[in-house]
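Here is how the chains run, residue by residue.
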Amino acid sequence: MSDKKKYAKVPSGRLSRLAKLGSLVTRVASGMVAEGAKQLATGHRPHVSELMLTPANVKRVADQLADLRGAAMKVGQLLSMDGGDLLPPELTELLSRLQANAKPMPISQLNSSLEQQWGCDWQQQFSQFSFYPIAAASIGQVHKATTVDGRQLALKIQYPEINESIDSDVNNVATLLKISGLVPKQVDVSGLLDEAKKQLHAETDYLLEAQYVKQYRHLLAADINYLLPDIADDLTTKHILAMTFVGGMDVDELVHQSQSIRDHVIELAFSLMFREVFEFRLVQTDPNFANYRYDINTKQLVLLDFGATRVYPQYIAEGYRQLMTGAVIDDQPRMLAALKHIGFFSQPIEPQAQQALLALCLQACEPLKYQGLYDFGESGMVHRIRDAGSQLSMKRGYWHTPPADAIFLHRKLGGLYLLAAKLKARVNVNKIFLSYMTE
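Residues numbered from 1 in each chain as written. Predicted model: local features only at pLDDT ≥ 70, side-chain atom pairs only at ≥ 80, totals over all residues. Heavy atoms only, no water.

Account for the overall build of the protein, naming residues and giving values.
Assigned secondary structure in the protein consists of 18 helices and 13 strands. Out of the 439 residues in the protein, the part that is buried amounts to 54%. (Helix = DSSP H or I, 4+ residues; strand = E, 2+ residues; numbered from the N terminus. Buried < 20%, exposed > 50% of the residue type's maximum accessible area, 1.4 Å probe, protein only.)

Here it is as structure tokens:
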């Protein structure tokens, strides 16, 4: 972190951020023209995606969005997670580079933000404050500090003016995707982008996130399997979230741990997800692996980030209970009725498209149906779902924009499947779900 090249000032102001994206579009387009001319000279007529997704262009896009941070980077992350059934695999791969690629802001900009939130004498509240962040993400970066009264804290500090750039950033990224030609013309992502704006506005309100942390602490108070930070109210503002520092290992670094540890982590994650949907009706929808840690000594799953938390209405939760139950008992009419209940067929859609979506849901529910330990490492399910969903979105008359609550829940489930596959976990998901099945 001491290398100054790794720091980058966060551009603030709509025009400066637009200019950054505008220059990106120009440089990407120039790269496409040059690559196209090169390939035509060899007698090859390239597809637009081949021109866009050269190594140089991939680096340009990922680096520029990482420099911008904020909604520009966040919408890239959002699309990369949702891209399994929305976008071509090549674009998903490009955007996935953004999952942990933010650059921290320089100390001068950090100090300015702290003075704005806490006042010029803010350092008097701390006996130790690390100016080098322990993590940097799309909306803010995290610093470790110790208060004068001895509390060890993790401070999530928001990038300046990020909340004011959300709408324009999302619109600018949408323009970039449209110009690139990578998003098929028949794929309408406008609904997803509108929801991204709403979600991102909520995520930049750290006072709201603090309330969600407290709510989860209350809901999980009697369950020793989960560990959550506590909120330091005296230091928390709308743009700084102060929490007790919690240790543990990054969950995606558990790949070299024993099979039993890897299985336990994913078992706890599935158990929590089902409780969130069917009991709490409150779901932390961000699937980023960095939101979780695991304490090997206490065998607890550590929950860190609640910015993307959504309240789910009863009818959505019940719809998914019916959908999953129908998949487990192989009752396809029940599954179709559940999809309609959730809001999937509110727009005209061809009967064969309904059946195709049903088949996709059956694949996604494969771990729930399986009797015994489901081997995520060997199943290849994640890739099969991605390929089937991608093909479905390309067929004329088959594209259907799902309701927003479904999009974010699928994002959560997809992220959990990806983590389970990465850890090569073997978990009896069917057993975990049984208590939530309906008659």
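Following the structure, the description resumes.
Let's hear about helix α10 (residues 259-280): which residues, and what values?
For α10, with 22 residues, the first-to-last C-alpha span of 30 Å sits near the 32 Å given by 1.5 Å per residue. Burial of α10 is extensive: 16 of the 22 residues sit out of reach of the surface. Positive phi shows up at R281, right after α10, with a value of about 50 degrees. (Expected span 1.5 Å × (residues − 1).)

Could you give me a rundown of the sheet that holds strand β9 (residues 292-295), with the residues and numbers involved?
Spatially, 4 strands are ordered β5-β10-β9-β7 in an open sheet, and the strand pairing comes out mixed. Looking at the sheet topology across the chains shown, the edges are occupied by β5 (226-227) and β7 (249-250). Note that β9 and strand β10 (residues 300-303) share 4 bridges and pair antiparallel. The partner of R293 across the bridge, within β10, is V302. (Pairing = 2+ DSSP bridges.)

Hey, could you go over the pairing of strand β6 (residues 240-244) for me, with residue numbers and the actual values?
Burial of β6 is extensive: 4 of the 5 residues sit out of reach of the surface. Of the pairings in the sheet, the one linking strand β4 (residues 152-158) to β6 comprises 5 bridges and is antiparallel in character. Looking across to β6, one finds that L155 is bridged to A242.

Tell me about the side chain of K197, and please be specific about residues and values.
Looking at the secondary structure, you find K197 in helix α8 (residues 190-203). Buried charge without a salt bridge: K197, with D194 as the nearest opposite-charge side chain at an N-O distance of 4.2 Å. Beyond its immediate stretch of four places on either side in the chain, K197 contacts I166, D167, V170 and N171. (Lys, Arg positive; Asp, Glu negative; His and termini not counted. Salt bridge = Lys/Arg side-chain N within 4 Å of Asp/Glu carboxyl O. Contact = heavy atoms within 4.5 Å.)

Help me get a handle on the nonpolar core, residues and values and all.
Among the nonpolar cores identified, the biggest contains 98 residues, and F270, F274 and Y320 are the most heavily contacted of them. Considering every element that reaches this core, the biggest residue donor is α10, with 12 residues. Dropping the residues within four chain positions of it, F274 is found in contact with E279, M324, L368, V429, I432, F433 and Y436. (Core = buried A, V, L, I, M, F, W, Y, C linked by side-chain atoms within 4.5 Å.)

Help me get a handle on the packing of α10 against helix α17 (residues 404-422), residues and values and all.
Where α10 meets α17, the axes come as close as 10 Å, and the angle between the chain directions of the two elements is 170 degrees. When the interaxial angle is binned, α10 and α17 end up roughly antiparallel. Contacts between α10 and α17 involve I266, A269, F270, M273, E276 and V277 on the former and, on the latter, L409, K412, L413, L416, Y417, L419 and A420. Among the residues making up the contact of α10 with α17, the classes are represented as 11 nonpolar, no polar and 2 charged. (Axes fitted to C-alpha atoms, helices over the stretch in contact; angles between N-to-C directions. Parallel < 35°, antiparallel > 145°, perpendicular 65-115°, else oblique. Nonpolar A, V, L, I, M, F, W, Y, C, P; charged D, E, K, R; others polar.)

Outline the pattern of salt bridges, supporting the account with residue identities and numerical values.
Any two side chains of opposite charge can pair, given that their charged atoms come close. Within the structure shown, the criterion is met by 13 salt bridges. Its salt-bridge partner being E279, residue R275 comes within 3.3 Å of it at the nearest N-O pair. Here R275 and its partner E279 are both found in helix α10, 4 residues apart, which amounts to about one turn of the helix. For E318, the salt bridge goes to R321, with nearest N and O atoms at 3.1 Å. One end of the pair, E318, and the other, R321, are both in helix α11 (residues 314-328), 3 residues apart, so they sit about a helical turn from each other. The buried category is assigned to R321, whose relative accessible area is 16%. Taken together, the shared-partner salt bridges connect D149, R151 and D234 into one network.

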